[in-house]
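Spelled out, the chains give:
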Amino acid sequence: MSTNHISATARQSSLTLFWPMIVIAGLALTLRPTITSTGPLLEEIRLSTGIGLQAASLLVVLPMFCMGVFPLLLPWVGKRLSESAWITGGLIAIALAGLWRLELGSGWTLITSALIGGTGIAIVQAMAPGVVKRWYPKRVPLAMGIYSASLMAGGGIAATFSPLVAEHYGSWQAGLGIWLILPVVALLLWWLRPSEVMETKHNSVPVNFFKNRRAWLLASYFGLANAGYACMIAFLPTYARGLGWSAQSSGELIGIMTIFQVIGALGAPALSSSRLDRRPWLFFAVGIQIIGFAGLMLMPESLLIVWAAMIGCGLGACFALTLTVALDHLSLPKLAGALTAFVQGVGFIITAIVPYLAGVLREGTGSFQAVWLMLLITLIGMLVVTTRFNPSSYAKAMNMTDI
């Protein structure tokens, strides 16, 4: 065999391994900028539009609610279109929301754009874990880690650079709308994805996880794990600005949190990949958040960056590990994808409720202390639930006769 042929084969093998991962990362990068770009500019948005903090929370709540509703509808609506058509449509919706944000001028049109973008995010996000499991069946922790890290990186990049773009163009609309670039690039990557034999329809698995206790436990755990993230991106910049930080500095704080989210999202799944029992790393992911939120309550001014970094690391690890644990419960990619759709569906509805409650608590008490205490209590509850995720119990817990 010639050296040229060996080299070509090696390049083809590398391309086969890494190109799908680039496509997955491209999809994931589109899933948070619509949400995270508003936080650092919230003061400017509120001054310009006159919306209150509770109404502004809808900029996070509505996309999260969409992320919950669509996965639950997937068994019924998914079969009407192919997977490719759904993902293409979702990316177009995210791009259209960004395009609209370049011109809108009122609070309620901004909230409507969040609903449109959230619908697109929900579609892509519901499909993505099944794609990951299908393309990387033997590397699920690594692939989910990269997917989760890319998702969080997109959110952090948007939070960091939105104030810079807004300042450069003298328009908060520009700071929000510029992120339409990401779904456009993701569309090109998706259309150039590796070819594979697929059914013409998205063949949703006709199973009912509503009757399964473990599915509900996973969904509740996932929802509470993401509630901290939703509250942080919604209110941490406002909290920081109340302590004297500028719009740019508060956006950079989200960026720092995101860097540690990425570290957690990549590190925890990689470190846990040698064993099916993910509980030690889940304990770490939840525990470091408890320390971080306690710090926000007790010593916010002097160590705010440290607490944000610790919370970010825990959030990143928790997101990736929770989805991985859900995928671990079932070996067939279609069934695992259906379970993660249910987990994300119910989970994100729970997630959507929490920042709204946080907004009510903040306006009712005039302080974020009650918000951080609420999140601290949920994390302590999650520590207790983590003990239930023993791999030896997965088969019994997901008894298919109960689904």
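Residues numbered from 1 in each chain as written. Predicted model: local features only at pLDDT ≥ 70, side-chain atom pairs only at ≥ 80, totals over all residues. Heavy atoms only, no water.

## A short note on a nonpolar patch on the surface
Going by this rule: Residues forming no salt bridge and having over 30% relative accessible area are the ones grouped into patches, like charges within 9 Å of each other and nonpolar side chains (Val, Leu, Ile, Met, Phe, Trp, Tyr) within 5 Å. The method behind every accessible area is Shrake-Rupley, applied with a 1.4 Å probe, and residues are considered shielded solely by the protein chains displayed. Salt bridge, as used here: a side-chain nitrogen of Lys or Arg that lies within 4 Å of a carboxyl oxygen of Asp or Glu. Relative accessibility thresholds used throughout: buried, under 20% of the residue-type maximum; exposed, over 50%; partly exposed, between the two (1.4 Å probe, protein chains only).
Where nonpolar side chains cluster on the molecular surface, the patch consists of Leu-73, Trp-76, Phe-210 and Trp-216 and spans about 420 Å² of accessible area. Residue classification places Trp-76 among the exposed positions, given a relative accessible area of 51%.

## Regarding the side chain of Ser-37
Selection criterion: Secondary structure elements follow DSSP: runs of H or I of four or more residues count as helices, runs of E of two or more count as strands, with numbering from the N terminus. Here a residue-residue contact requires only that any non-hydrogen atoms of the pair lie within 4.5 Å.
With respect to the element layout, Ser-37 can be found in the loop between helix H2 (33–36) and helix H3 (42–49). Overall, Ser-37 belongs to the buried group, its relative accessible area being 0%. With residues up to four places along the chain from it excluded, the contact list for Ser-37 reads Arg-101, Ala-158, Ser-162, Gly-175, Leu-176 and Trp-179.

## Overview of the packing of helix H13 (residues 279–298) against helix H16 (residues 369–386)
Counted only if it meets this: Lines fitted to the C-alpha atoms define the axes, with helices restricted to the stretch that makes contact. Angles between their N-to-C directions range from 0 to 180 degrees. Note that the term roughly parallel is reserved for angles under 35 degrees, roughly antiparallel for angles over 145, roughly perpendicular for angles of 65 to 115, and oblique for everything else. A crossing counts as left-handed when the near helix is turned anticlockwise from the far one by less than a right angle, and as right-handed when that turn is clockwise. Charged means Asp, Glu, Lys or Arg here, nonpolar means Ala, Val, Leu, Ile, Met, Phe, Trp, Tyr, Cys or Pro, and polar covers whatever is left, Gly included.
Contact geometry for H13 and H16: axes closest at 9 Å, N-to-C directions at 160 degrees. The pairing of H13 with H16 is recorded here as roughly antiparallel in orientation. Handedness of the H13/H16 crossing: left-handed. Contacts between H13 and H16 involve Arg-279, Leu-282, Phe-283, Val-286, Gly-287, Gln-289, Ile-290, Phe-293, Ala-294, Leu-296 and Met-297 from the former and Gln-369, Trp-372, Leu-373, Leu-375, Leu-376, Leu-379, Ile-380, Met-382, Leu-383 and Thr-386 from the latter. Residues of the contact of H13 with H16, tallied by class, amount to 16 nonpolar, four polar and one charged.

## A few points about the nonpolar core
The tendency in soluble globular proteins is for nonpolar side chains to be buried as a group. To keep things clear, this is the line we draw: Among buried residues, the Ala, Val, Leu, Ile, Met, Phe, Trp, Tyr and Cys ones that are joined through side-chain atoms within 4.5 Å form a nonpolar core.
Met-64, Tyr-147, Leu-236, Phe-293, Leu-296 and Trp-372 are the most contacted members of the largest nonpolar core, which totals 128 residues. Take this core: its biggest share by element is 18 residues, from helix H11 (residues 213–242). Residue contacts for Phe-293: discarding those within four places in its chain leaves Gly-228, Met-232, Ile-311, Trp-372, Leu-375, Leu-376 and Leu-379.

## Re helix H8 (residues 140–169)
Quick reminder of the rule: Expected helix span is given by 1.5 Å per residue-to-residue step, counting one fewer step than there are residues. Consider a residue and the seven residues that end there alongside the seven that start there; fitting an axis to each set, the bend is the angle between those axes.
Under the 1.5 Å per step criterion, the end-to-end length of H8 is 42 Å for 30 residues, consistent within 8% with the ideal 44 Å. Residue Phe-161 marks the point of greatest curvature in H8, where the axis turns by about 35 degrees; the proline Pro-163 follows within four residues. Burial analysis of H8 places 22 of its 30 residues in the buried class, which makes it a mostly covered element. Following H8 by one or two positions, Gly-170 has its phi on the positive side, about 65 degrees.

## Some words on the pattern of salt bridges
Summed over the entire model, instances satisfying the criterion amount to five salt bridges. Between Arg-241 and Glu-44 there is a salt bridge whose closest N-O contact spans 3.1 Å. Of this pair, Arg-241 sits in helix H11 while Glu-44 sits in helix H3; the two residues are 197 residues apart in sequence, bridging distant segments of the chain. With relative accessibility at 24%, the residue Arg-241 sits in the partly exposed group.

## A few points about the packing of aromatic side chains
Which entries qualify depends on this criterion: Centres within 6.5 Å make a pair out of two Phe, Tyr or Trp rings, where for Trp the six-membered ring is used; the pair is then stacked when the planes are under 30 degrees apart, edge-to-face when over 60, and tilted otherwise.
Inspection of every chain in the model, using the stated rule, returns 15 aromatic pairs. With 5.2 Å between their ring centres and 65 degrees between their planes, Phe-70 and Trp-86 make a pair best called edge-to-face. Of this pair, Phe-70 sits in helix H5 (residues 58–77) while Trp-86 is found in helix H6 (residues 83–101), placing the two residues 16 residues apart along the sequence. Among the residues examined, Trp-86 registers a relative accessible area of 14% and is labelled buried. When the centroid spacing of 5.5 Å and the interplanar angle of 85 degrees are considered together, the rings of Trp-216 and Phe-342 count as edge-to-face. With a gap of 126 residues between them, Trp-216 in helix H11 and Phe-342 in helix H15 (residues 333–365) connect regions that are remote in the sequence. For Trp-216, a relative accessible area of 35% translates into the label partly exposed. Counting every residue linked through ring pairs, the aromatic cluster contains Phe-235, Tyr-239, Phe-293, Phe-368 and Trp-372.

## Focus on the environment of Ser-367
For clarity, the cut-off: Polar contact is the term for a pair of N or O atoms within 3.5 Å; when the atoms are in protein, one must be able to donate a hydrogen and the other to accept it, and sequence-neighboring residues count only if both atoms are side-chain atoms.
Tracing the chain through its elements places Ser-367 in the loop between H15 and H16. Beyond its immediate chain neighbours, meaning those up to four positions away, Ser-367 contacts Leu-361 and Arg-362. A polar atom in the side chain of Ser-367 sits 3.0 Å from the backbone nitrogen of Gln-369.

## A look at the packing of H11 against H16
Two elements in contact, H11 and H16, have axes whose closest approach is 10 Å; the angle formed by their N-to-C orientations is 155 degrees. Looking at the two axes, H11 sits roughly antiparallel to H16. Considering only the axes of H11 and H16, their crossing is left-handed. Touching Leu-217, Tyr-221, Leu-224, Ala-225, Ala-227, Gly-228, Cys-231, Met-232 and Tyr-239 of H11 are Gln-369, Trp-372, Leu-375, Thr-378, Met-382, Val-385 and Thr-386, all from H16. Class assignment of the residues belonging to the contact of H11 with H16 gives a composition of twelve nonpolar, four polar and no charged.

## A few points about the environment of Thr-386
Along the chain, Thr-386 falls in helix H16. Spatially, the C-alpha atoms of Thr-386 and Phe-283 are 7.0 Å apart, while their sequence positions differ by 103 residues. The contacts of Thr-386, once residues within four sequence positions are left out, are Tyr-221, Arg-279, Leu-282 and Phe-283.

## Points about the side chain of Gln-125
Mapped onto the fold, Gln-125 is located in helix H7 (residues 107–135). Of note is the side chain of Gln-125, whose polar atom sits 3.0 Å from the side chain of Arg-32. Those residues in contact with Gln-125, other than ones at most four positions away along the chain, are Leu-31, Arg-32, Met-67, Tyr-147, Leu-151, Gln-344 and Phe-348.

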